[in-house]
Amino acid sequence: MTDDLPAGPAPAPAPRSGGQDELRALAAPRRLSVDDHMFTAPALLGTFRLQLFTAPGARPVAVATQIAGEEGMSLMNGAETFTGAVWEKHCPDQDLPPVWVERQMEPQGALEETRFRRVVFAGADRYRPHGPRWSVITHEQLQDLVGATVATDRGAGYVPRSAEPEPQLVFAEYAVIRLARPEPFREPACMPAGVPWWRRWTRQVLPHRGDARTCCWYHGGDWHAVNAMALEVLERARAQSVDPDDMEEFATAHADAAAATQWQTEALASLFSVSNAIQPASEPGYINGQHRSQAMLEAGVRRTVVLHHVYET
């Protein structure tokens, strides 16, 4: 009978994921075992500085530093891929991915502040973490975590990519049916897989105009209405010779004049943002815009606006 056992101290509460208690539980004196200023891996689209701190019996801590606009995928967009690559290459025997901290170095004067951010994943299959969530961690907290000095710069071994000719940015009307099959990530509950060909053709014939859903932002409104506005914006912008860099502001003004909802305004602006527009890749795939494309294909939207980078020959 357990009632006869002597009462012991109450068990300590489990550390909150990503909180101060967990950071203290993870802290240990580690050494810098890897400092790769141009970390990359086969089929990995992107480079960054990797500082990997390890110690026997302690979970490795990986600090990834990248310059904003560096060639390839950004740290935020590639959080799962980059973490998995480091895990597989440098910590293959670990059951969990390394504690992942990233630092995206923004240019001077940018609105976004350069900070260390810890990424906590909801789970991980072998070398495939998923469900990232970001939180700010100070430099002091990071050094307490690893018990060593952490460099804050990109590193002397960084090799900038060669200067390329500036492309001409062109917003253009595009048939949604021609978009490549998306492979959405981070929204497994409502976007488990790309839209198959048979379903996208069915939606083109029988479009879906259901109510907004609360599962994610991408399903939060009517993409038919947004794209109707987008085509109007595109036509008006061409007539007025609006510069591509000014298209987002131009689209937002159009949404305000049309008394659009906040979601519609955000969605419309995203289609005309030079940094966030839907960009089909030269090979079947996407540079940006998979989740919005998935939502449009599910709804049966027929025409949208995409951004092309055109290089003069």
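Scroll up to find the structure.
Here we summarise the structure given alongside this text.

## Examining the overall build of the protein
Counting its secondary structure elements, the protein contains eight helices and 10 strands. Long-range contacts, defined here as pairs at least 24 residues apart, represent 64% of the contacts in the protein between residues at least 6 apart. For the protein, the accessible surface area stands at approximately 17700 Å², while carbon and sulfur atoms represent 52% of it.

## Focus: the packing of helix α6 (residues 247-257) against helix α7 (residues 262-271)
Interaxial distance between α6 and α7 falls to 8 Å at its minimum, and their mutual angle equals 155°. Considering their axes alone, α6 and α7 lie roughly antiparallel with respect to each other. The two elements α6 and α7 meet at a crossing, and its hand is right-handed. When α6 is examined against α7, the residues E248, A251, T252, A255 and D256 are found in contact with a partner set consisting of T265, L268 and A269.

## Structural notes on the sheet that holds strand β3 (residues 58-67)
Read from one edge of the open sheet, six strands run β1-β2-β3-β4-β5-β6, paired in mixed fashion. The sheet terminates laterally at β1 (31-39) and β6 (128-137), the two strands that pair on one side only. Strand-to-strand twist of the sheet, defined as the mean angle between neighbouring strand axes without regard to direction, takes the value 20°. The pairing of strand β2 (residues 48-55) with β3 spans six bridges and is classified as antiparallel.

## Looking at the pattern of salt bridges
All chains considered together, the criterion is met by seven salt bridges. Between R115 and E113 there is a salt bridge, and its shortest N-O distance comes to 3.1 Å. Here the residues in one salt-bridge network are D35, R49 and D153, joined through shared partners.

## Re unusual backbone geometry
Not every positive phi belongs to a glycine, and Y127 is a case in point at roughly 60°. Following the sequence through the fold, Y127 ends up in the loop between β5 (116-125) and β6. Notably, A259 is not glycine yet its phi reads approximately 55°, a positive angle. Note on placement: A259 falls in the loop between α6 and α7. For A259, a relative accessible area of 65% translates into the label exposed.

## Here we look at a negative patch on the surface
On the surface, D243, D245, D246, E248 and E249 cluster together into a negatively charged patch. Residue placement: E248 occurs in helix α6. Residue class for E248 comes out partly exposed when judged on its relative accessible area of 36%.

## Description of helix α3 (residues 139-146)
Among all positions of α3, only L142, L145 and V146 are buried. The arc that holds the buried residues of α3, viewed along the axis, is 85°, so those residues lie on one side. Along α3, the residues that are exposed and aim more than 90 degrees away from the buried face are E140 and D144. Structurally, α3 contributes buried residues whose contacts are with α1 (20-26), β2, β3, β4 (99-105), β5 and β6. Positioned one or two residues after α3, G147 has a phi angle of 65°, which is positive.

## A few points about the packing of aromatic side chains
By the definition in use, this model includes nine aromatic pairs. The interplanar angle of 40° and the centroid separation of 5.1 Å between the aromatic rings of F39 and F48 together place this pair among those described as tilted. Exposure remark for F39: the relative accessible area of 0% places this residue in the buried category. Looking at F48, the relative accessible area reads 0%, which means it is buried.

## Notes on the nonpolar core
Among the nonpolar cores identified, the biggest contains 36 residues, and F171, W223, L268 and F272 are the most heavily contacted of them. No other element matches the seven residues that helix α5 (residues 223-240) contributes to this core. Setting aside residues up to four positions removed in sequence, F171 forms contacts with L234, R238, P244, M247, L271, F272, S273, V274, A277, V305, V306 and L307. Counting residues in each nonpolar core, the second largest holds 18 residues, with A41, F48, F82 and F121 among its members.

## As for the environment of Y311
Inspection of the secondary structure puts Y311 in the segment after β10 (303-310). Its relative accessible area of 41% is what places Y311 among the partly exposed residues. In sequence terms Y311 and E166 are 145 residues apart; their C-alpha atoms lie 7.2 Å from each other.

## Things to note about helix α2 (residues 79-90)
Spanning 12 residues, α2 covers 16 Å between terminal C-alpha atoms, matching the ideal 16 Å at 1.5 Å per step. Buried residues along α2 sit against β1, β2, β3, β4, β5 and β6.

Conventions we followed
Residues numbered from 1 in each chain as written. Predicted model: local features only at pLDDT ≥ 70, side-chain atom pairs only at ≥ 80, totals over all residues. Heavy atoms only, no water. Helix = DSSP H or I, 4+ residues; strand = E, 2+ residues; numbered from the N terminus. Contact = heavy atoms within 4.5 Å. Areas by Shrake-Rupley, 256 points an atom, 1.4 Å probe, with all protein chains shown as cover. Axes fitted to C-alpha atoms, helices over the stretch in contact; angles between N-to-C directions. Parallel < 35°, antiparallel > 145°, perpendicular 65-115°, else oblique. Left-handed = near helix turned anticlockwise from the far one by under 90°. Pairing = 2+ DSSP bridges. Salt bridge = Lys/Arg side-chain N within 4 Å of Asp/Glu carboxyl O. Buried < 20%, exposed > 50% of the residue type's maximum accessible area, 1.4 Å probe, protein only. Patch = residues over 30% accessible without salt bridge, like charges linked within 9 Å, V, L, I, M, F, W, Y side chains within 5 Å. Lys, Arg positive; Asp, Glu negative; His and termini not counted. Charge placed at Lys NZ, Arg CZ, Asp CG, Glu CD. Arc of directions from axis to C-beta. Phe/Tyr/Trp six-rings, centres within 6.5 Å; stacked < 30°, edge-to-face > 60°. Core = buried A, V, L, I, M, F, W, Y, C linked by side-chain atoms within 4.5 Å. Expected span 1.5 Å × (residues − 1).

The quantities given are spatial measurements derived from coordinates; they are silent on function.
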